[in-house]
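# Descriptive analysis of the structure
So you can see what is in the structure, the chains are spelled out below.
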Amino acid sequence: MNYNTAEFEKAYGLHSQLPESEVPEIVFAGRSNVGKSSLLNKLFNRKQLARVSSVPGKTITINFYKVDDVKFVDLPGYGYAKISKQELNRFGELMEGYFKSDRKISLVVQLIDMRHPLTKDDMGMITFMQEMNIPFIIVMTKADKLKKKAYEERLRLSKQELAFAGGVPVVPFSAVTGQGINGIKNYIENSISDGGF
């Protein structure tokens, strides 16, 4: 897959606007400010194709990118408290509408900030994917921000925290050093080529 050919297609704010799902979709999910845009930019080898927001929760849209014959889908970040009830309702409808509209989801890349324990929202998202039988991996972001001892401790604890998710693959990732990027690409490509890893 040639990630350098990535193009932004469109952002959708309502599930009724979503296009038909005709090709494999790789989905990126995680709480606000977890580093989804940074991961996408690293994958695509671009500085600013995916916009990094300085204000978490500011944009509640599903953003589509095209790479070869695959769509990369950037879901809005969840868990940001300072949005109105109306926006929160729209977020819920948008997310549910996306996942329950018979899409060709090959893989969900679930991002979790390595520096912190799983949030209730993280656990809810993982449980939802299990219930929907959607294949997913966990990417632990901001790995470079931890010193060696703290890194090893968080890796150990996060595996305990994720025990309920079964043997889900866990990939520590840094947008700064590129750690984990090749592993993430492998999971993405395997999920497309054989319908799962």
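Above this text is the structure in question.
Residues numbered from 1 in each chain as written. Predicted model: local features only at pLDDT ≥ 70, side-chain atom pairs only at ≥ 80, totals over all residues. Heavy atoms only, no water.

## What about the pattern of salt bridges?
For the structure on display, the rule yields nine salt bridges. Between Asp113 and Arg31 there is a salt bridge, with its nearest N and O atoms 3.5 Å apart. Highlighted residues: Asp113 in strand E5 (residues 105-113) and Arg31 in the loop between strand E2 (25-30) and helix H1 (36-44), separated in sequence by 82 residues. For Asp113, a relative accessible area of 2% gives the class buried. Exposure remark for Arg31: the relative accessible area of 23% places this residue in the partly exposed category. Here Arg154 and Glu161 are joined by a salt bridge, their closest N and O atoms 3.2 Å apart. Exposure remark for Arg154: the relative accessible area of 9% places this residue in the buried category. Taken together, the shared-partner salt bridges connect Arg31, Asp113 and Arg115 into one network. (Salt bridge = Lys/Arg side-chain N within 4 Å of Asp/Glu carboxyl O. Helix = DSSP H or I, 4+ residues; strand = E, 2+ residues; numbered from the N terminus. Buried < 20%, exposed > 50% of the residue type's maximum accessible area, 1.4 Å probe, protein only.)

## Considerations on the sheet that holds strand E3 (residues 62-67)
Within a sheet, neighbouring strands are paired by backbone hydrogen bonds and run either parallel or antiparallel to one another. Taking strand neighbours across the sheet as the criterion, the seven strands line up as E1-E3-E4-E2-E5-E6-E7 in an open arrangement whose pairing is mixed. At either end of the open sheet lies a strand with only one pairing partner, and these are strand E1 (7-12) and strand E7 (170-172). For this sheet, the mean angle separating the axes of adjacent strands, direction not counted, is 25°. Contacts from helix H5 (residues 181-193) reach E2, strand E4 (70-74), E5, strand E6 (136-141) and E7, with the element oriented near 155° to E5. (Pairing = 2+ DSSP bridges. Axes fitted to C-alpha atoms, helices over the stretch in contact; angles between N-to-C directions. Contact = heavy atoms within 4.5 Å.)

## Digging into unusual backbone geometry
Phi is positive for Asn45, close to 60°, though the residue is something other than glycine. Mapped onto the fold, Asn45 is located in the loop between H1 and E3. Phi at Lys142 takes a positive value of approximately 65°, unusual for a residue other than glycine. Relative to the assigned elements, Lys142 resides in the loop between E6 and helix H4 (148-161). A residue is classified by how much of its surface remains accessible, and Lys142, at 17% relative accessible area, is buried.

## Section: the packing of H1 against H5
Axis separation between H1 and H5 bottoms out at 11 Å; the angle between their running directions is 85°. Taken together, the axes of H1 and H5 are roughly perpendicular relative to one another. Between H1, through Leu39, Lys42 and Leu43, and H5, the contact on the second element is made entirely by Ile181, Ile184, Lys185 and Ile188. Taken together, the residues of the contact of H1 with H5 break down into five nonpolar, no polar and two charged. (Parallel < 35°, antiparallel > 145°, perpendicular 65-115°, else oblique. Nonpolar A, V, L, I, M, F, W, Y, C, P; charged D, E, K, R; others polar.)

## Focus on helix H3 (residues 120-131)
Given a rise of 1.5 Å per residue, 12 residues ought to cover 16 Å, and the 16 Å separating the end C-alpha atoms of H3 matches this to within 8%. Among the residues of H3, those classed as buried are Asp122, Met125, Ile126 and Met129. Relative to the axis of H3, the buried residues are bounded by an arc of 95° and lie together on one face. Set apart from the buried face of H3 by more than 90 degrees, the exposed residues are Lys120 and Glu131. In the stretch just after H3, Asn133 is the one whose phi turns positive, near 60°. (Expected span 1.5 Å × (residues − 1). Arc of directions from axis to C-beta.)

## Considering the side chain of Ser174
Counting through the fold element by element, Ser174 comes out in the loop between E7 and H5. In terms of polar contacts, Ser174 uses its side chain to reach the backbone amide nitrogen of Thr177, at 3.0 Å. In contact with Ser174, other than residues within four places in its own chain, are Asp144 and Gln179. (Polar contact = N/O pair within 3.5 Å; in protein donor to acceptor, adjacent residues only side chain to side chain.)

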